[in-house]
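Structure assessment
Below, each chain spelled out in residue letters.
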Amino acid sequence: MPTKKPAGRPVVSLDALVGQKKDALPEPTTFELHGVEFTLPPMRALPFELQERVGNLDDIPGVLKDVLGADTVQRMYDAGFTFLDIEVIGEEWQKHSGVGPGESPASADS
């Protein structure tokens, strides 16, 4: 469906620029901890709504379930993952995503 353009006002399409940035993202990274293997996509590749929740320490299990699936998170529970384990996962996920510690993946390029 064509986009309606306001009369006399140019519209700048960002599709090509976004495509270039997506192409430049790192590949997903596979991690292994306590015998559980899991693959995390680069943080900047997450849907915007999920990116907002990544830094929310109140919902780490929910974010992991959304990203990895309930079965993988259950294997993490069964393996005895601790909060320290989750912190290390978060730090390494940031590093492999090209996002600095404490940096929001949604605003990393701003």
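This text gives an overview of the structure that appears in the document. (Residues numbered from 1 in each chain as written. Predicted model: local features only at pLDDT ≥ 70, side-chain atom pairs only at ≥ 80, totals over all residues. Heavy atoms only, no water.)

What follows is about the pattern of salt bridges. Any two side chains of opposite charge can pair if their charged atoms end up close together. Inspection of every chain in the model, using the stated rule, returns 1 salt bridge. A salt bridge links K95 to E92; the nearest nitrogen and oxygen atoms lie 3.3 Å apart. Taken together, the residues span about one helical turn, with K95 and E92 both in helix 5 (residues 83-97) at a distance of 3 residues. Looking at K95, the relative accessible area reads 57%, which means it is exposed. (Salt bridge = Lys/Arg side-chain N within 4 Å of Asp/Glu carboxyl O. Helix = DSSP H or I, 4+ residues; strand = E, 2+ residues; numbered from the N terminus. Buried < 20%, exposed > 50% of the residue type's maximum accessible area, 1.4 Å probe, protein only.)

A contiguous nonpolar patch, built from V12, L14, L17 and V18 and spanning about 380 Å² of accessible area, is present on the exposed surface. Residue class for V12 comes out exposed when judged on its relative accessible area of 65%. (Patch = residues over 30% accessible without salt bridge, like charges linked within 9 Å, V, L, I, M, F, W, Y side chains within 5 Å. Areas by Shrake-Rupley, 256 points an atom, 1.4 Å probe, with all protein chains shown as cover.)

Turning next to unusual backbone geometry. If you check the backbone angles, H34 has positive phi at about 50° while not being a glycine. Considering the arrangement of structural elements, one finds H34 in the loop between strand 1 (29-33) and strand 2 (36-40).

All right, on to helix 4 (residues 70-79) then. Within helix 4 the residues assigned to the buried category are T72, V73 and M76. Seen along its axis, helix 4 keeps its buried residues to an arc of 100°; they face one direction. Counted as exposed and oriented over 90 degrees from the buried face of helix 4: A70, D71 and D78. Contacts made by the buried residues of helix 4 are with strand 2, helix 3 (60-68) and helix 5. Of the residues flanking the end of helix 4, it is G80, one or two places downstream, whose phi is positive at about 85°. (Arc of directions from axis to C-beta. Contact = heavy atoms within 4.5 Å.)

Another point: the nonpolar core. Residues F38, L40, L64, M76, F81 and I89 are the most contacted members of the largest nonpolar core, which totals 19 residues. Where this core is concerned, the elements lending two or more residues are strand 2, helix 2 (48-54), helix 3, helix 4 and helix 5. No other element matches the 4 residues that helix 3 contributes to this core. Residues within four places of F38 in sequence aside, it is in contact with T29, T30, F31, L33, L68, T72, M76, F81 and I89. (Core = buried A, V, L, I, M, F, W, Y, C linked by side-chain atoms within 4.5 Å.)

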